Amino acid sequence: MQDKKSSIGLVCTYIGATCALAIGAGFSSGQELLQYFVAYGWQMVLVAAMFAFIFIFVNYQCAARGRQLNLSQGTEIFDVFCGKHLGKVFNWFTGVFCYLSFIIMISGAGTTLYEQYGVPVIVGSCVMAVLAVLVAIMGLRGIVNVISKVAPVIIVLVLGIAIITIATHFDSIGSGIAAVEAGTYSDVMEKVGGNWFMAGLSYGGFMILWFVTFMANLGRESREKGDFKELIIGNVIGSMIYTIACVVGACALASEIDLTASLGIPNLVLANQIWAPLASIFAVIIYAAIFTSACPLLYNAVTTVSNEGSNRYRIIVIAGAAIALVTAVFVPYQGLVNMIYGYCGYIGGILFFIILVRGIQMFATGQTREDAPAAEGSEAK
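Residues numbered from 1 in each chain as written. Predicted model: local features only at pLDDT ≥ 70, side-chain atom pairs only at ≥ 80, totals over all residues. Heavy atoms only, no water.

## Notes on the packing of aromatic side chains
Here is step 1 of the chain: Tallied over the entire structure, the rule returns 24 aromatic pairs.
Here is step 2 of the chain: Their ring planes at 75° and their centres at 5.9 Å tell us that Trp210 and Tyr341 sit as a pair that is edge-to-face. You can see Trp210 sitting in helix α9 (residues 196-225) and its partner Tyr341 sitting in helix α15 (residues 333-364), a full 131 residues away along the chain. Just as Trp210 is buried, Tyr341 falls in that class too.
Here is step 3 of the chain: On the basis of an interplanar angle of 50° and a centroid distance of 5.0 Å, the ring pair of Phe352 and Phe353 is categorised as tilted.
Here is step 4 of the chain: A cation over an aromatic ring shows up here: Lys191 above the ring of Tyr40, its NZ or CZ 4.3 Å from the ring centre. (Phe/Tyr/Trp six-rings, centres within 6.5 Å; stacked < 30°, edge-to-face > 60°. Helix = DSSP H or I, 4+ residues; strand = E, 2+ residues; numbered from the N terminus. Buried < 20%, exposed > 50% of the residue type's maximum accessible area, 1.4 Å probe, protein only. Lys NZ or Arg CZ within 6 Å of the ring centre and 35° of its normal.)

If you want it as structure tokens, here you go:
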């Protein structure tokens, strides 16, 4: 039984861990916000609502089933919801997607330091790869403990810049969004999906591909640690904080749409508008945000093919980071973000509908009870 003080501390840790994995390079740089939210004008609110529902529902389902079935690996959650054969397909696809996302993070890290400070891409990417390896080798709890401390600082600073921008350019938000809705920037601003529904589905879809095994593993561990309630509360609060941050950040970008529409890292412009030296500081913040996503992405990818803590796990972590580093030097950062996140997000959307239907079916047939037998394709450990 957790006492009240430690329980609140655990909730805060899980809030931080949720925000940490979610923010990444795309959110902190503002590129995701442009493509998924600003591009749809005031319909960004509908995009946000759909994303929040998908994100919270899937995270709960994965954590609850991971705890109930005491899965030996988080990757077994795909068998629970999708069956043995389709589950294996989604398992491998998610592992590949997480690894591709990790490569994007390594590439983005190098690009950020190069664009702001002129540091060679290989240097910034190499430092990020080494940091990710060191933390990933610490295992799941090590990752949660490290990134949960970094994320709140990043969220506060990103929101601070957005709020100051909105306060000083409040009258420009409406006209900026009206211009976007009129198609003024359609030639220079990329967007994901053809409508708000597909954008929300894609955003929620690619985000749950990052989280399904992560939450299943945390759910399994909560069975032993007795902190499942704190895990769910922290995840829900963290999800809502992140969703609100997306809308606030998108409004800030819209208020300066003439400057931000065509840029790869539009949030740097907002920081520069407030105070020129702040842009240099904010580049470090973006680098830290990439770090908080890179660590669990590498972990998720490697645990697809090996068990945490084994020698095989450590070897693959190191080898995987080395290959990602070499690839990141030659892969253009901005071009891959739209393609990988957009199209992979639609596949994640398919996974969401499978989990939605299967989750309802399991609840209706009593398979969500603690004493219920394991679902087909998995065994309680």
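## Structural notes on the state of the cysteines
Here is step 1 of the chain: The tally for this structure, following the rule as stated, stands at zero disulfides.
Here is step 2 of the chain: In this structure Cys12 is not part of a disulfide, and its nearest cysteine sulfur, from Cys19, lies 11 Å away.
Here is step 3 of the chain: Here Cys12 falls in the partly exposed class, since its relative accessible area comes to 45%.
Here is step 4 of the chain: As a non-bridged cysteine, Cys344 has Cys98 as the owner of its nearest cysteine sulfur, 10 Å distant.
Here is step 5 of the chain: A relative accessible area of 12% places Cys344 in the buried class. (Disulfide = S-S within 2.5 Å.)

## Structural notes on the layout of surface pockets
Here is step 1 of the chain: In this model, the largest pocket occupies a volume close to 220 Å³.
Here is step 2 of the chain: Around the largest pocket, the lining comprises 13 residues; the ones closest to its centre are Gly95, Tyr99, Ala301, Val302 and Val305.
Here is step 3 of the chain: Secondary-structure elements contributing two or more residues to the lining of the largest pocket are α5 (84-117), α13 (276-302) and α14 (311-330).
Here is step 4 of the chain: Residue composition of the lining of the largest pocket, grouped by class: ten nonpolar, three polar and no charged. (1 Å grid on protein atoms, 1.4 Å probe; cavity = no way out; pocket = protein on both sides within 12 Å on 5 of 7 lines; lining within 4 Å. Points joined across faces, edges and corners; volume = space filled by probe spheres on them. Nonpolar A, V, L, I, M, F, W, Y, C, P; charged D, E, K, R; others polar.)

## Details of the pattern of salt bridges
Here is step 1 of the chain: One pass over the structure, following the stated rule, counts one salt bridge.
Here is step 2 of the chain: Arg220 is the partner of Glu221 in a salt bridge, and the nearest nitrogen-oxygen pair spans 3.7 Å. For the pair shown, Glu221 and Arg220 are each scored as buried. (Salt bridge = Lys/Arg side-chain N within 4 Å of Asp/Glu carboxyl O.)

## Some remarks on unusual backbone geometry
Here is step 1 of the chain: A positive phi angle is found at Asn70, which is not glycine, with a value near 50°.
Here is step 2 of the chain: Structurally, Asn70 can be placed in the loop between α3 (44-69) and α4 (77-82).

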